[in-house]
Amino acid sequence: MIFKKSILFFGAFALMSWNAMAQSDVPVEIMKGKRTYLKKTMILPQSSSYWKIEQNQAVSGVPLRMKGKLYEKGLGVHAPSNLIYKLPPKAHYFYVVPGGDDAHHGKISMSIKVDNVEVFSSGVFDSQSQKYMPKLHAIDVSGATFLTLIVDDIGDKGGDHADWGEAFFVEGKKEFKPKNPELAKKFFEEDDSDLEGKKVYLVKELATTVDSYWKVLNNEGIEGGRISIEGRKYEKGIGLHAPSKLVFPIEANYKTFVVTPGANDSNGGLIRMRIQVDGNEVFNSGPIRRSNQEPQRLQIDVKGKKELTLLVDEEDGDRGGDHASWANAYFLIDDGSK
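Residues numbered from 1 in each chain as written. Predicted model: local features only at pLDDT ≥ 70, side-chain atom pairs only at ≥ 80, totals over all residues. Heavy atoms only, no water.

1. Some remarks on the overall build of the protein chain
- Within the protein chain, the secondary structure is distributed over 0 helices and 29 strands.
- Split into buried and exposed, the 338 residues of the protein chain put 53% on the buried side.
- Taking the contacts inside the protein chain whose residues are at least 6 apart along the sequence as the reference set, 78% of them involve residues at least 24 apart.
- Total accessible area on the protein chain is roughly 14800 Å²; 47% of this is exposed by carbon and sulfur atoms. (Helix = DSSP H or I, 4+ residues; strand = E, 2+ residues; numbered from the N terminus. Buried < 20%, exposed > 50% of the residue type's maximum accessible area, 1.4 Å probe, protein only. Contact = heavy atoms within 4.5 Å. Areas by Shrake-Rupley, 256 points an atom, 1.4 Å probe, with all protein chains shown as cover.)

Set out below in structure tokens:
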């Protein structure tokens, strides 16, 4: 399961670009497979809601509408609301557009938990907020049992109308699942002081293969200067230009690979970042650009593995400005090693 407040995409997914879902110029990727839309009749008895729960309409009885966009399917609720669902046994992903209904005029926050672990949080927003824009989120629920949709009222219940737009599970075929997803875990925090042990930071000189459209820089973004992703600066890492391929040997005493992948702040194109361990894909960002990404630190188990491959693909046939960074990338050495 991917502990993530937003999306992870994988190459086996089908492209989709519904007007109701596309909040940017980057197409939404949805896994192929059987869809099961959420229904209020599926809610478990321990659920609760301040007012009624509406199917395919807002809690006020009007069509679901967020920031002027209509949604044909979904749930309308009033905060505080705590809806608990049992996952379909073969569900791999849950897709949803969370947001305040256009009739909303209070202050709320929305969150999602999978087996009681928070995987999405909107933060606090009000009806006039431009900081939070509803968009499609894909959440890995493989192997999980329960999904919880939460809307908090932030102390005032007046007009706290919220929508869970286009909410559905996908039960995909085996060939459409990510390879070895259990190797990749996501973490909310960027501070790696919690990861004890000696670190071997990646530099291009350690790679057995260095293939890039342009130069490859140690501890700098491709344009020079510090690596910067969504305004956050990183002292270490590798900056490069898509398409690129870096291959690193995994030594016997390496146990974990840690990295924050992302489109650098100098990026002006559309890219995809992928990680392979012994040829098996363990991370796929989907199409991203600097203005549409949610970078987070990855921790990947590499103990007993032989080879790490870092790939950046250009996604739209135009390599202009396809700047990417593997920020704060390092191997952790096994605790028993000197």
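Next comes the rest of the account.
2. As for the sheet that holds strand 14 (residues 146-152)
- Sheet architecture is open: 5 strands sit in the order 4-9-14-11-12, paired in antiparallel fashion. The open sheet has two free edges, formed respectively by strand 4 (48-49) and strand 12 (117-126), since each of these has just one partner strand.
- Sheet analysis places strand 11 (residues 107-114) next to strand 12, joined by 7 bridges and oriented antiparallel. Within strand 12, the residue paired with Ile 108 across the bridge is Phe 125. (Pairing = 2+ DSSP bridges.)

3. Quick look at the nonpolar core
- Among the nonpolar cores identified, the biggest contains 32 residues, and Phe 257, Ile 275, Leu 308 and Phe 331 are the most heavily contacted of them.
- It is strand 29 (residues 323-333) that provides the largest number of residues to this core, a total of 5 residues.
- Excluding residues within four positions of it along the chain, Leu 308 makes contact with Leu 202, Leu 246, Val 247, Phe 248, Ile 250, Phe 257, Ile 275, Gln 276, Val 277 and Phe 331.
- Counting 30 residues, the second-largest nonpolar core is a separate cluster that includes Tyr 85, Ile 112, Ile 139 and Val 151. (Core = buried A, V, L, I, M, F, W, Y, C linked by side-chain atoms within 4.5 Å.)

4. Notes on the packing of aromatic side chains
- This model, assessed by the stated rule, comprises 7 aromatic pairs.
- Ring centres of Tyr 93 and Tyr 95 lie 6.2 Å apart, and the angle between their planes is 35°; on these two criteria the pair is classed as tilted. Here the two residues Tyr 93 and Tyr 95 agree in accessibility, since each one is buried.
- A ring pair is formed by Phe 94 and Phe 169, whose centres lie 5.2 Å apart and whose planes are at 45°; its orientation type is tilted. Placement of Phe 94 in strand 10 (residues 93-100) and of Phe 169 in strand 15 (residues 161-171) is noted, with a sequence separation of 75 residues between them. An identical accessibility class is assigned to Phe 94 and Phe 169; each is buried. (Phe/Tyr/Trp six-rings, centres within 6.5 Å; stacked < 30°, edge-to-face > 60°.)

5. Some remarks on the sheet that holds strand 26 (residues 280-284)
- Strand order in the open sheet formed by 5 strands is 18-23-28-25-26, and the pairing between neighbours is antiparallel. On the outer flanks of this sheet lie strand 18 (209-212) and strand 26, each paired with one strand and no other. Going across the sheet, the axis of each strand differs from the next one's by a mean of 20°, ignoring polarity.
- Taken together, the 7 bridges between strand 25 (residues 271-277) and strand 28 (residues 307-314) define a ladder with antiparallel strand orientation. Its bridge partner being in strand 28, Ile 271 is matched across the sheet by Glu 314. (Axes fitted to C-alpha atoms, helices over the stretch in contact; angles between N-to-C directions.)

6. Structural notes on the environment of Gly 221
- Along the chain, Gly 221 turns up in the loop between strand 19 (217-218) and strand 20 (227-229).
- The sequence separation of Gly 221 and Ala 324 amounts to 103 residues, and the corresponding C-alpha distance is 7.7 Å.
- When neighbours within four sequence positions are excluded, Gly 221 is seen to be in contact with Arg 226, Ile 227, Gly 239, Asn 264 and Ser 325.

7. Some words on the confidence of the model for the protein chain
- Averaged over every residue, the pLDDT of the protein chain is 82; the share at 70 or more is 83%.
- Taken element by element, the protein chain is modelled with least confidence in strand 1 (residues 14-16), mean pLDDT 31, and with most confidence in strand 23 (residues 244-249), mean pLDDT 97.
- Taken together, the stretch residues 1-28 has pLDDT below 50 and engages in 102 contacts with residues farther than four places along the chain or on a different chain.
- Overall, residues 177-190 carries pLDDT values under 50, and its contacts beyond four positions in sequence, including any with other chains, amount to 45 contacts. (pLDDT = per-residue confidence, 0-100.)

8. Things to note about the pairing of strand 8 (residues 74-78)
- Taking burial as the measure, the 5 residues of strand 8 include 5 buried ones, the bulk of the element.
- On strand 8, burial covers both faces: Gly 74, Gly 76 and His 78 on one face and Leu 75 and Val 77 on the other are all buried.
- Judged from the 2 bridges that link them, strand 5 (residues 54-55) and strand 8 form a sheet pairing that is antiparallel. Its bridge partner lying in strand 8, Glu 54 is registered against Gly 76.
- Relative to strand 15, strand 8 runs antiparallel, the two sharing 5 bridges. Each bridged residue has a counterpart across the sheet, and for Leu 75 the counterpart in strand 15 is Trp 164.

9. Comments concerning the side chain of Ser 122
- With respect to the secondary-structure elements, Ser 122 resides in strand 12.
- Here Ser 122 falls in the buried class, since its relative accessible area comes to 14%.
- Here Met 110 takes part through its backbone nitrogen, which lies 2.8 Å from a polar atom of the side chain of Ser 122.
- The residues touching Ser 122, leaving out its near neighbours within four places in the chain, are Ser 109, Met 110 and Tyr 132. (Polar contact = N/O pair within 3.5 Å; in protein donor to acceptor, adjacent residues only side chain to side chain.)

10. Section: the pattern of salt bridges
- Throughout the structure, instances matching the rule amount to 6 salt bridges.
- The residue Glu 294 makes a salt bridge to Lys 135 at a minimum N-O spacing of 2.8 Å. Placement of Glu 294 in the loop between strand 26 and strand 27 (297-301) and of Lys 135 in the loop between strand 12 and strand 13 (137-140) is noted, with a sequence separation of 159 residues between them.
- Salt bridges sharing common partners tie together Arg 274, Glu 281 and Asp 313. (Salt bridge = Lys/Arg side-chain N within 4 Å of Asp/Glu carboxyl O.)

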